[in-house]
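Architecture and fold: a report
Listed below are the residues making up each chain.
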Amino acid sequence: MANSPNQDRRFVRPRNKLVELLKEKGIKNTQVLNAIGKIPRHRLIETALYHRAYDDSALPIGLGQTISQPYTVAAQTEMLEIQKGDKVLEIGTGSGYQCMILCELGAEVYSVERHNELYHRSKEALKSEGYNPLLKCGDGTLGWATYAPYDGIIVTAGAPVVPDDLIKQLKVGGILVIPVGDSKTQKMMKITRMSEDEYRQDEYENFKFVPLIGEKGWGG
Ligand code: SAM
């Protein structure tokens, strides 16, 4: 996946165009847009797909999984309202793209991936781009209790219900962003922990994700 700076230059224009498109689609957070404009998404996919690297679409990364659509990544990240230094847990590391965006925003990132091969691949990619999140291979439907509570939790696979462990691992004031629905379509939900036992739930547009598979997800 190594790219020379010369090779990388040809991706600058399509990446800038993608940022413009995301603005047109309603993404307002400048830091999120800057991060999208910086992360080399092409390095996270196979070379045969390079011509589509900065399309606003999900792309295959093997094992039946995808690198999420940039609009989805931007929208979910915006909903998290990240402040520098926030502790953020991501469920579904996949290619590492979303993880890089979170790191770029200055978050302290923890990320869980269930596929061993993707865990190793994303670990390499994140390291070679200079990012240092803490990664784990395991079932993210259970969260990552060791480092809880979190200011933000982002789930990048479609859940049948909101896993209770994720709710419990939120700080008071913390935000969980998770797509919930059936296998065809999921509604984006933003759950804010208002106090120890009080939550506010906001619902957004529909998205389409690969399934969240695990004890508190599909197949649980
Ligand atoms: N954030 C990823 C990115 O930027 O490339 C998106 C990857 S894909 C849409 C969703 C990922 O969630 C897949 O890699 C899948 O293996 C993973 N996944 C599904 N169920 C999971 C679970 N219970 N725990 C951890 N990862 C899971």
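Since the structure is predicted, the reported quantities are computational estimates derived from the model, not experimental observations.

Rules and cut-offs
- Residues numbered from 1 in each chain as written.
- Predicted model: local features only at pLDDT ≥ 70, side-chain atom pairs only at ≥ 80, totals over all residues.
- Heavy atoms only, no water.
- Core = buried A, V, L, I, M, F, W, Y, C linked by side-chain atoms within 4.5 Å.
- Buried < 20%, exposed > 50% of the residue type's maximum accessible area, 1.4 Å probe, protein only.
- Helix = DSSP H or I, 4+ residues; strand = E, 2+ residues; numbered from the N terminus.
- Contact = heavy atoms within 4.5 Å.
- Pairing = 2+ DSSP bridges.
- Axes fitted to C-alpha atoms, helices over the stretch in contact; angles between N-to-C directions.
- Near = heavy atom within 4 Å.
- Polar contact = N/O pair within 3.5 Å; in protein donor to acceptor, adjacent residues only side chain to side chain.
- Areas by Shrake-Rupley, 256 points an atom, 1.4 Å probe, with all protein chains shown as cover.
- Salt bridge = Lys/Arg side-chain N within 4 Å of Asp/Glu carboxyl O.
- Parallel < 35°, antiparallel > 145°, perpendicular 65-115°, else oblique.
- Left-handed = near helix turned anticlockwise from the far one by under 90°.
- Nonpolar A, V, L, I, M, F, W, Y, C, P; charged D, E, K, R; others polar.

Turning our attention to the nonpolar core. Ranked by size, the top nonpolar core spans 48 residues in total, and within it Leu22, Ile27, Ile36, Leu80, Tyr97 and Ile101 carry the most contacts. Residue assignment for this core shows that the elements contributing at least two residues are α2 (12–24), α3 (30–36), β1 (59–62), α4 (70–80), α5 (97–104), α6 (116–128) and β7 (170–181). Ile36 has contacts with Arg15, Leu18, Val19, Leu22, Pro70, Ala74, Tyr97 and Ile101, leaving out every residue within four places of it along the chain. Grouped together as the second largest cluster of nonpolar side chains are 19 residues, Tyr150, Val155, Met189 and Ile191 included.

On the basis of which strands lie adjacent, the open sheet formed by seven strands has the order β5-β4-β3-β6-β7-β8-β9 and mixed pairing. The open sheet has two free edges, formed respectively by β5 (134–137) and β9 (198–207), since each of these has just one partner strand. The average angle at which neighbouring strand axes cross in this sheet is 15°, direction not considered. Looking at chain direction, strand β6 (residues 150–155) and β7 are connected through four bridges and run parallel. Bridge assignment links Ile154 to a residue of β7, and that residue is Val177. The strands touched by α6 are β4 (108–113) and β5; relative to β5, the strand with the most contacts, the crossing angle is about 165°.

As a matter of local geometry, the ligand sits amid 27 residues, with Gly92, Ser95, Glu113, Gly140 and Ile213 nearest to it. At 3.3 Å from a nitrogen atom of the ligand is found a main-chain nitrogen or oxygen belonging to Arg114. Thr156 is positioned with one of its side-chain polar atoms (N or O) 3.2 Å from a nitrogen atom of the ligand. For the ligand, whose accessible area on its own is 600 Å², the fraction buried by protein is 99%. Elements with a minimum of two residues in the shell around the ligand: β2 (65–67), β3 (87–91), α5 and β4.

One pass over the structure, following the stated rule, counts 14 salt bridges. For Arg193, the salt bridge is made with Glu196, and the minimal N-O distance between the two is 3.5 Å. Residue classification places Arg193 among the buried residues on the basis of a relative accessible area of 9%. Here Glu196 falls in the exposed class, since its relative accessible area comes to 58%. Three or more residues are tied together by salt bridges with common partners; here these are Asp164, Asp165, Lys168 and Lys216.

Let us look at the packing of α4 against α5. At a minimum axis distance of 11 Å, the contact between α4 and α5 shows a crossing angle of 40°. Classified by the angle between their axes, α4 and α5 sit oblique to one another. Judged by the sense of rotation from one axis to the other, the crossing of α4 with α5 is right-handed. Judged by residue contacts, Pro70, Val73, Gln76, Thr77 and Leu80 of α4 engage Tyr97, Gln98, Ile101 and Leu102 from α5. Among the residues forming the contact of α4 with α5, the class breakdown is six nonpolar, three polar and no charged.

Function cannot be inferred from these measures alone, as they are strictly geometric.
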